[in-house]
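# Residue-level structural notes
Below are the chains, spelled out letter by letter.
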Amino acid sequence: MTSTTTTKKPSTNLALCVTTDDFEAPAKEVLSEKSWVYVSSSASSGLSLKANLDDWSRINFRPRIMRSVSSINTNRAILGQTSQLPFFVSAMGTLGNAHPGAEPLLARGSTRKGLHMVVSTATSKPLEEIMDAHQEEQNILKNQSPSKLAFQLYVPVDRSKALSLIRRVKAAGYQSLWITVDTSVLGKRTADRYLQAQEALDQGAKERETAAENEFSPAFGGRPVPGYLDPGLSWEDLAWIKQEWSGPIVLKGIQTVEDVKIAVEYGVQGVLLSNHGGRQIHSAPSALMTLLEIRTYYPEALDKLEVFLDGGLRDGADVLKALCLGATAVGVGRPYFYAMAAYGMEGIEKCTDVLAEEVEITMKMLGVSSLDQLRPEMVNTTRLLNDMWRPEIVRPRL
Ligand SMILES: Cc1cc2nc3c(=O)[nH]c(=O)nc-3n(C[C@H](O)[C@H](O)[C@H](O)COP(=O)(O)O)c2cc1C
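Our subject in this report is the structure included herewith. Predicted model only: the values in this text are computed from it and were never measured. (Residues numbered from 1 in each chain as written. Predicted model: local features only at pLDDT ≥ 70, side-chain atom pairs only at ≥ 80, totals over all residues.)

## Section: the overall build of the protein
For the protein, the helix and strand inventory stands at 14 helices and 14 strands. Since a compact globule built from 398 residues should have a radius of gyration of about 21 Å, the 20 Å found for the protein is in line with a globular shape. Principal axes of the C-alpha set define a box for the protein whose edges measure 60 × 55 × 40 Å. Looking at the protein residue by residue over its 398 residues, the buried ones come to 50%. Long-range contacts, defined here as pairs at least 24 residues apart, represent 77% of the contacts in the protein between residues at least 6 apart. (Helix = DSSP H or I, 4+ residues; strand = E, 2+ residues; numbered from the N terminus. Rg over C-alpha atoms; globule rule 2.2 N^0.38 Å. Buried ≥ 20, exposed ≤ 12 C-beta atoms within 10 Å, placed from the backbone. Contact = placed C-beta atoms within 7 Å.)

## What to know about the site of the ligand
The environment of the ligand is made up of 24 residues, and the closest members are G93, S120, G277, G333 and R334. Looking at the shell around the ligand, the elements with two or more residues in it are α2 (33-40), β13 (329-332) and α13 (334-366). By residue class, the composition of the shell around the ligand is 8 nonpolar, 13 polar and 3 charged. (Near = placed C-beta within 6 Å. Nonpolar A, V, L, I, M, F, W, Y, C, P; charged D, E, K, R; others polar.)

## Brief notes about the packing of helix α5 (residues 127-140) against helix α6 (residues 159-172)
The contact between α5 and α6 brings their axes to 10 Å, and the two run at 15°. Taken as axis vectors, α5 and α6 run roughly parallel relative to one another. The two elements α5 and α6 meet at a crossing, and its hand is right-handed. Residues L127, E128 and M131 of α5 lie in contact with α6, whose contacting residues are R168, V169 and A172. (Axes fitted to C-alpha atoms, helices over the stretch in contact; angles between N-to-C directions. Parallel < 35°, antiparallel > 145°, perpendicular 65-115°, else oblique. Left-handed = near helix turned anticlockwise from the far one by under 90°.)

## A short note on the pairing of strand β6 (residues 149-153)
Taken across its 5 residues, β6 has 5 buried, putting it largely inside the fold. Residues L149, F151 and L153 point to one face of β6 and A150 and Q152 to the other, with burial holding for every one of them. Of the strand pairs in this sheet, strand β5 (residues 117-119) and β6 are connected by 3 bridges, and their pairing is parallel. Each bridged residue has a counterpart across the sheet, and for M117 the counterpart in β6 is L149. Remark: the β5/α5/β6 crossover connection has right-handed handedness. (Pairing = 2+ DSSP bridges. Right-handed = clockwise from strand over helix to strand, strands pointing away.)

## A word on the packing of α2 against helix α7 (residues 190-201)
In contact at an axis separation of 8 Å, α2 and α7 are set at 155° when each is read in the N-to-C sense. As judged from the angle between their axes, α2 and α7 are roughly antiparallel. In contact with E33, K34 and V37 of α2, α7 contributes A191, D192 and L195.

## Here's the deal with the nonpolar core
Ranked by size, the top nonpolar core spans 108 residues in total, and within it W178, V271, L288, L291, A327 and V330 carry the most contacts. The greatest single-element share of this core, amounting to 16 residues, is contributed by α13. (Core = buried A, V, L, I, M, F, W, Y, C linked by C-beta atoms within 7 Å.)

## Structural notes on the environment of S11
Along the chain, the position of S11 falls in the segment before α1 (24-30). Residues S11 and A342, 331 residues apart in the sequence, show an inter-C-alpha distance of 9.6 Å.

## Points about the environment of S32
Residue position: S32 is located in the loop between α1 and α2. Among the residues examined, S32 registers 16 C-beta atoms within 10 Å and is labelled partly exposed. Residues S32 and W56, spaced 24 residues apart in sequence, show a C-alpha to C-alpha distance of 30 Å.

## Points about helix α9 (residues 257-265)
For α9, the full list of buried residues reads V257, V260 and A263. All buried residues of α9 lie within an arc of 110° about the axis, which places them on one face of the element. In α9, those exposed residues whose orientation departs by more than 90 degrees from the buried face are E258 and E265. Here the buried face of α9 lies against β10 (249-254), β11 (270-273), α10 (287-297) and α11 (301-304). Just beyond α9, the residue with positive phi is G267, at close to 75°. (Arc of directions from axis to C-beta.)

## Overview of unusual backbone geometry
Positive phi outside glycine occurs at M66, with the angle close to 50°. Residue placement: M66 occurs in the loop between β1 (60-61) and β2 (76-78). The residue N143 is not glycine, and still its phi comes out positive at about 55°. Inspection of the secondary structure puts N143 in the loop between α5 and β6. In this structure N143 comes out as exposed when scored by C-beta crowding, with 9 C-beta atoms within 10 Å.

Printed below as a string of structure tokens:
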């Protein structure tokens, strides 16, 4: 695949990146315009992305005091596998656009930091090479890292291709399968539409990518490969997928409590509440909003499967809000892309350290020494609840 990475160095010293937002400007500086548009773009007018970013700040903590927090434990089991921290790296395709090291580099960084990573179907490098990088890093660390790799599945239209992909994923040793279910069609990525139009006016893209290295990818750099995304995907497809894949299955991209209920009925192990980083449907609910729907209308789900969230998470403290409300862990996407694009491995590690420190200091100030002490009463969700969906009320007789 043609790489669109550059060898430019950012003008900002890594030491000055003290929040995850700080990676964005340096990444913009070094990325080609096309790669920048790919990572930063969102659907339509950006409302879904905005909701993701905003909703984290619409929940406040209710901290408890004097609870002896001299030592704390940030470990969290995700689908039965310990993670050093309660967040993971979300699936992102075409990471060759961020850095020549692409997915193997991010896998190595996650392994160093004891994080789980979800590897996209739409990788720049073969899925086996990514697993090898993870294993090599494990060897260096004498297998001390709890980190595991999961695989995000875009179900190919051609089911025989799907089967061969799932078999490769299994053979490579991926721990769980995260099936993306919000992509019947690719969202309207406005910034990319402008870029495509400009490219057409300029008579052809100079950086056009091909699917040469990944025959399963339904999109490259955010542009669909015709005939790959399957609008025919349905709940019934879970039957043959389960026959082929015996490990845990997570449905990625669930956005309503109704679909969580169906997911429970189909016996999957987890749901990832997500609107694809605001890149798919316009005016989507944030993952937090969907989590509140679950708590309100079907709280039993929280005991029946693991609930994950992603979208707009930029502060480790916010991870704890989701955990208070019953989530297992939260995924982080763009901050890792930006950090890796600008600073490579050092960026990946720093991004994790920033989030980890925020988790740790917030746990202490919240009065918890382990994550299982987090409770719904430790957050005030009133503002978000006011906006939550309610079934239409039957009108009184007048
Ligand atoms: C550059 C980029 C590529 C992505 N590629 C995929 C993908 O291949 N498969 C997928 O299921 N989700 C993909 N996503 C969505 C992420 O898995 C995740 O839902 C989202 O990035 C979370 O939001 P955040 O970036 O605000 O953290 C992608 C997101 C970005 C930003």
